[in-house]
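Spelled out, the chains give:
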Amino acid sequence: MNNYQQLHSELINKLAATRRKELLQNLLVGVMNTASTSLLTMLLLAGIESFAHGDTTFRTILACVWLAITAGAFLFFSGESLAQVVSLKQVPSIDTMALRVGNVYSDLRDTLCNALQLAPLADANSAYGVSSSLALATFETVASRARTKDFDVVISRKELKRSMVFFLSSLAITAGILGFVTPVNSALNRIVHYNESFLPLAPFTLSIEPKTSAKLRGEKVRISVRATGIAPETVTLLVKEEQQENYDSYTLRQDSMGVYHYEIPTIKRSIEFYAESPWVGGAVTTEHGTVTVTDRPIIRSLSGRVTSPAYSRLAARELNEQSADVTALRGSQVELQVLANKDITSAEIYIVQQKNSFASASDTTVQQDKQTADTTKITLKTEGRKAAGSFSVRASGEYYIVMQDQNKQQNAEPIHYKIVALTDGAPTIALLEPTADAQVSEQAQLPMKIAITDDYGFSHLKLYYKLSESRYAAPSKNFTAINIPISQSEIAQEIPYLWNLNAINISPGDRYEFYCEITDNDQITGPKSAK
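In every chain, residue numbers begin from 1 and rise along the written sequence. Reporting of local features is limited, given that this is a predicted model, to residues whose pLDDT is at least 70; pairs of side-chain atoms are given and counted only at 80 or more, and all residues count toward the totals for whole chains, interfaces and linings. Processing note: side-chain calculations cover all non-hydrogen atoms of the structure and skip hydrogens and water entirely.

**Considerations on the nonpolar core**
Part 1 of the reasoning: The nonpolar core is taken to be a set of buried Ala, Val, Leu, Ile, Met, Phe, Trp, Tyr and Cys residues, with the residues joined through side-chain atoms within 4.5 Å. When accessible area is computed with a 1.4 Å probe and restricted to protein chains, residues below 20% of their type maximum are described as buried, those above 50% as exposed, and intermediate ones as partly exposed. Counting residues in each nonpolar core, the largest one holds 24 residues, and the members touching the most others are Leu336, Phe391 and Tyr399.
Part 2 of the reasoning: Strands are runs of DSSP state E lasting at least two residues, helices are runs of H or I lasting at least four, and both sets are numbered from the N terminus onward. Of all the elements, strand E13 (residues 333-340) adds the most residues to this core, at 4 residues.
Part 3 of the reasoning: We call two residues in contact when some of their heavy atoms are within 4.5 Å. Apart from residues lying up to four places away in sequence, Leu336 is in contact with Leu302, Ser303, Gly304, Leu319, Ile349, Ala387, Ala388, Gly389, Phe391, Tyr399 and Ile401.

In structure tokens form, the structure reads like this:
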């Protein structure tokens, strides 16, 4: 590197260093001015708080004002300098710095700036119409005078001194006031901890019951508030129902036991609540309590069918919640379907049967004698809100349905429905012809007419006979049966029958005993007969 090039670089670096020192000094001045503004603002806001004794909201506003003024002061006093230091904003050029230095020294003036501009032309020969030797000579002459000069003289120290005095004065005033004026010091502490409460402790605390509770819709709810310490004369209970936006307030007074009570005779919706009592610009409050209201399971609809035994040939009968009493033949099957108001986890049919109960079709009531009653439980199949099952009619009595939900709550006071178990009576039979002892002719045929009746039909009709007296044979010990054709479905019939005694080899003078026996078709308790 040539000598003039080294001198040129040296002057450029020296001017750049002076420029950087000036920028850093300007930034320092701005920071001190910002700090002074922040300290004085802090004192002013602390003085306001020392008189106001504001709540957390008020102190939050003061803290925000303090931060906003401090941030604004920093942008105002230091924003431009900081932008130049970090190269976000253009800084003064080297030529500008050279002119400022030249203005300080009378033997330089604007020659320093001109020399710096001529130096690059020394190697350019005459391309710019300037003699390179003349340019080099001029540069070396100016550079030799400038290299011994102190370029930092262009940096003014007045603003730095003024800002430092302002800052030190603000710091001293702040330290003095905070050190000797306790209320202001306390106020500043409250502003710094703006979200904390600095109220004096209340001489009492409040607690509330229940914290959490589950109640059935329509039940009574009792809320109790207790005070520990010097209890206030009244407390305010705030209650809101589910989906209600604002709380309803109730003023409560102590009872003889020192407890504040509030009762809801019949709760309808879930509620949230808490209690409070005023104290020095605020309030002493309890924790929040909740009461969750649930419904008991209830039967929304009941349907079913009563199917009589097949032998009775009776049509099935439908059941519903308005007509769910069962009057049916013993052995009938009762199918039930239940729809509840909510999901259920279990359901049972309880059947209370009367011992020795043989109700007839004319029975209209069932005696409720617990000492002579048997209870049978039948579990229903459940799915969501539905339950289904069946039972068989065995005896008169009553039935009711018990359901249980996920909270193990059962339907209250289930409706009891009657069961009247009808019995299939014994059949009746009458011999219409002959009406007395009869003699047969030589044809040995006896015309007969038999009347039979039953509730639901017949199984068979038989004619029983035995030889009781004869000149040709010994009397029979046992009766012999002959089937007489009948209609099994008709419940009242007159059966004509011609008994051909030739088939049994009757002889003159033989004497026979006979009778007819009818059997019904009861497949539940067993066939019954009459003769």
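Read on for the rest.
**Structural notes on a nonpolar patch on the surface**
Part 1 of the reasoning: Residues enter patches when their relative accessible area tops 30% and they take part in no salt bridge; the joining distance is 9 Å for like charges and 5 Å for the nonpolar side chains Val, Leu, Ile, Met, Phe, Trp and Tyr. Note on areas: Shrake-Rupley, 1.4 Å probe, and residue coverage restricted to the protein chains presented here. Here, a salt bridge means any Lys or Arg side-chain nitrogen found within 4 Å of an Asp or Glu carboxyl oxygen. On the surface, Val31, Phe74, Leu75, Leu82, Val86 and Leu88 cluster together into a nonpolar patch covering about 550 Å² of accessible area.
Part 2 of the reasoning: Counting through the fold element by element, Leu88 comes out in the loop between helix H2 (56-85) and helix H3 (94-104).
Part 3 of the reasoning: A relative accessible area of 71% places Leu88 in the exposed class.

**Let's talk about the pairing of strand E7 (residues 271-279)**
Part 1 of the reasoning: Two elements, strand E4 (residues 234-241) and E7, share 6 bridges in a ladder whose sense is antiparallel. Each residue of the ladder has a partner; that of Val239, found in E7, is Phe273.
Part 2 of the reasoning: Of the strand pairs in this sheet, E7 and strand E9 (residues 289-294) are connected by 3 bridges, and their pairing is antiparallel. Each bridged residue has a counterpart across the sheet, and for Ile271 the counterpart in E9 is Val291.
Part 3 of the reasoning: If DSSP finds at least two bridges between two strands, the strands pair. For E7 and strand E8 (residues 282-285), the ladder comprises 4 bridges, and the chain directions are antiparallel. Paired with Ser277 across the strands is Val284, a residue of E8.

**Description of the sheet that holds strand E16 (residues 381-383)**
Within a sheet, adjacent strands bond to each other through the backbone by hydrogen bonds, running parallel or antiparallel.
Part 1 of the reasoning: With respect to topology, 5 strands assemble into an open sheet ordered E11-E10-E13-E17-E16, the strand pairing being antiparallel. Each of the sheet's edge strands pairs with one partner strand only, and the pair in question is strand E11 (317-320) and E16. Taking the axes of each pair of neighbouring strands and ignoring which way they run, one obtains an average angle of 15 degrees across the sheet.
Part 2 of the reasoning: In the sheet, E13 pairs with strand E17 (residues 386-392) via 7 bridges, with the strands oriented antiparallel. Bridge pairing in E17 places Leu336 opposite Gly389. To obtain each axis, a line is fitted to C-alpha atoms, and for helices this fit is confined to the stretch in contact; angles are then taken between N-to-C directions over 0 to 180 degrees.

**Notes on the side chain of Gln84**
Part 1 of the reasoning: With respect to the secondary-structure elements, Gln84 resides in helix H2.
Part 2 of the reasoning: Of the polar contacts made by the side chain of Gln84, one reaches the backbone oxygen of Gln90; its length is 3.5 Å.
Part 3 of the reasoning: Here Gln84 is in contact with Leu23, Lys89, Gln90 and Val91, once residues within four sequence places are set aside. Polar contact criterion, stated in full: a pair of N or O atoms within 3.5 Å, where within protein one must be able to donate a hydrogen and the other to accept it, and residues adjacent in sequence count only if both atoms are side-chain atoms.

**Let's talk about the environment of Thr41**
Part 1 of the reasoning: With respect to the helices, strands and loops of the structure, Thr41 is situated in helix H1 (residues 3-52).
Part 2 of the reasoning: In the structure, Thr41 is positioned 146 residues away from Ala187 in sequence and 13 Å away in space, judged by C-alpha atoms.
Part 3 of the reasoning: The residues contacting Thr41, other than those within four sequence positions of it, are Trp66 and Ile69.

**A word on the sheet that holds strand E20 (residues 428-433)**
Part 1 of the reasoning: Read from one edge to the other, the open sheet built from 3 strands follows the order E20-E21-E24, with strand pairing classed as antiparallel. Edge positions in the open sheet fall to E20 and strand E24 (492-500), since each of these has one partner strand only. Strand-to-strand, the axes of this sheet are offset by a mean angle of 25 degrees, without reference to chain direction.
Part 2 of the reasoning: Pairing geometry for strand E21 (residues 445-453) and E24, over 9 bridges, is antiparallel.

**Examining the pattern of salt bridges**
Part 1 of the reasoning: Within this structure, the stated rule accounts for 15 salt bridges.
Part 2 of the reasoning: Where Asp295 meets Arg217, a salt bridge forms, and the shortest distance between an N and an O atom there is 2.5 Å. Residue Asp295 is located in the loop between E9 and strand E10 (299-307), and its partner Arg217 is located in the loop between strand E2 (212-216) and strand E3 (221-229); the two are separated by 78 residues in the primary sequence.
Part 3 of the reasoning: Taking the shortest distance from any N to any O, the salt bridge between Asp405 and Lys342 comes out at 2.9 Å. Residue Asp405 is located in the loop between strand E18 (397-404) and strand E19 (417-422), and its partner Lys342 is located in the loop between E13 and strand E14 (346-354); the two are separated by 63 residues in the primary sequence.

**As for the confidence of the model for the protein chain**
Part 1 of the reasoning: Model confidence for the protein chain is summarised by a mean pLDDT of 87, while 93% of its residues fall at 70 or above.
Part 2 of the reasoning: Confidence of the predictor in every single residue is expressed as pLDDT, which spans 0 to 100. Throughout residues 358-371 the model reports pLDDT below 50, and contacts reaching past four residues in sequence, or to other chains, amount to 23 contacts.

**Topic: the packing of H3 against helix H4 (residues 111-118)**
Part 1 of the reasoning: Following both chains from N to C, one finds H3 and H4 inclined at 145 degrees, their axes separated by 7 Å at the closest point. Residue-level inspection shows Ile94, Asp95, Ala98, Leu99 and Val101 of H3 in contact with H4, the latter providing Leu112, Cys113, Leu116 and Gln117.
Part 2 of the reasoning: A breakdown of the residues in the contact of H3 with H4 according to their chemical character gives 7 nonpolar, 1 polar and 1 charged. Charged means Asp, Glu, Lys or Arg here, nonpolar means Ala, Val, Leu, Ile, Met, Phe, Trp, Tyr, Cys or Pro, and polar covers whatever is left, Gly included.

**Remarks on the environment of Pro92**
Part 1 of the reasoning: Mapped onto the elements, Pro92 comes out in the loop between H2 and H3.
Part 2 of the reasoning: For the pair formed by Pro92 and Arg222, sequence separation is 130 residues and the distance between their alpha carbons is 80 Å.
Part 3 of the reasoning: In contact with Pro92, other than residues within four places in its own chain, are Arg19 and Met97.

**Examining the packing of aromatic side chains**
Part 1 of the reasoning: Pairing of aromatic side chains requires ring centres within 6.5 Å, counting the rings of Phe and Tyr and the six-membered ring of Trp. Pairs whose planes differ by under 30 degrees are stacked, by over 60 edge-to-face, and all others tilted. For the structure on display, the rule yields 12 aromatic pairs.
Part 2 of the reasoning: Residues Tyr247 and Tyr274 carry aromatic rings whose centres are separated by 5.3 Å and whose planes lie at 80 degrees to one another, so their mutual orientation is edge-to-face. With Tyr247 in the loop between E4 and strand E5 (248-253) and Tyr274 in strand E7, the pair connects residues that are 27 residues apart, well separated along the chain.
Part 3 of the reasoning: A connected cluster of aromatic rings, assembled from ring pairs, spans Tyr465, Trp499, Tyr512 and Phe514.
Part 4 of the reasoning: By the criterion adopted, a ring carries a charge over it if an Arg CZ or a Lys NZ lies within 6 Å of its centre and within 35 degrees of its normal. Over the aromatic face of Phe151 sits the side chain of Lys14, whose NZ or CZ is 4.6 Å from the ring centroid.

**Overview of the side chain of Asp424**
Part 1 of the reasoning: The topology assignment puts Asp424 in the loop between E19 and E20.
Part 2 of the reasoning: Buried within the structure, Asp424 lacks any salt-bridge partner; its nearest side chain of opposite charge belongs to Lys528, at an N-O separation of 4.3 Å.
Part 3 of the reasoning: Only 3.2 Å separates the side chain of Asp424 from the side chain of Tyr311, close enough to count as a polar contact. Just so you know, the count uses Lys and Arg for positive and Asp and Glu for negative, and it drops His and the chain ends.

**Regarding unusual backbone geometry**
Part 1 of the reasoning: Here Glu209 and Pro210 are connected by a cis peptide whose omega angle stands at 0 degrees.
Part 2 of the reasoning: Cis geometry marks the peptide bond from Glu433 to Pro434, where omega comes out at -10 degrees.
Part 3 of the reasoning: As for its position among the elements, Pro434 is in the loop between E20 and E21.
Part 4 of the reasoning: Of note in the backbone geometry, Arg109 takes a positive phi value of approximately 50 degrees without being a glycine.
Part 5 of the reasoning: By the secondary structure assignment, Arg109 is in the loop between H3 and H4.
Part 6 of the reasoning: Note on Arg109: relative accessible area 42%, which makes it partly exposed.
Part 7 of the reasoning: One non-glycine residue, Asn505, adopts positive backbone phi at about 60 degrees.

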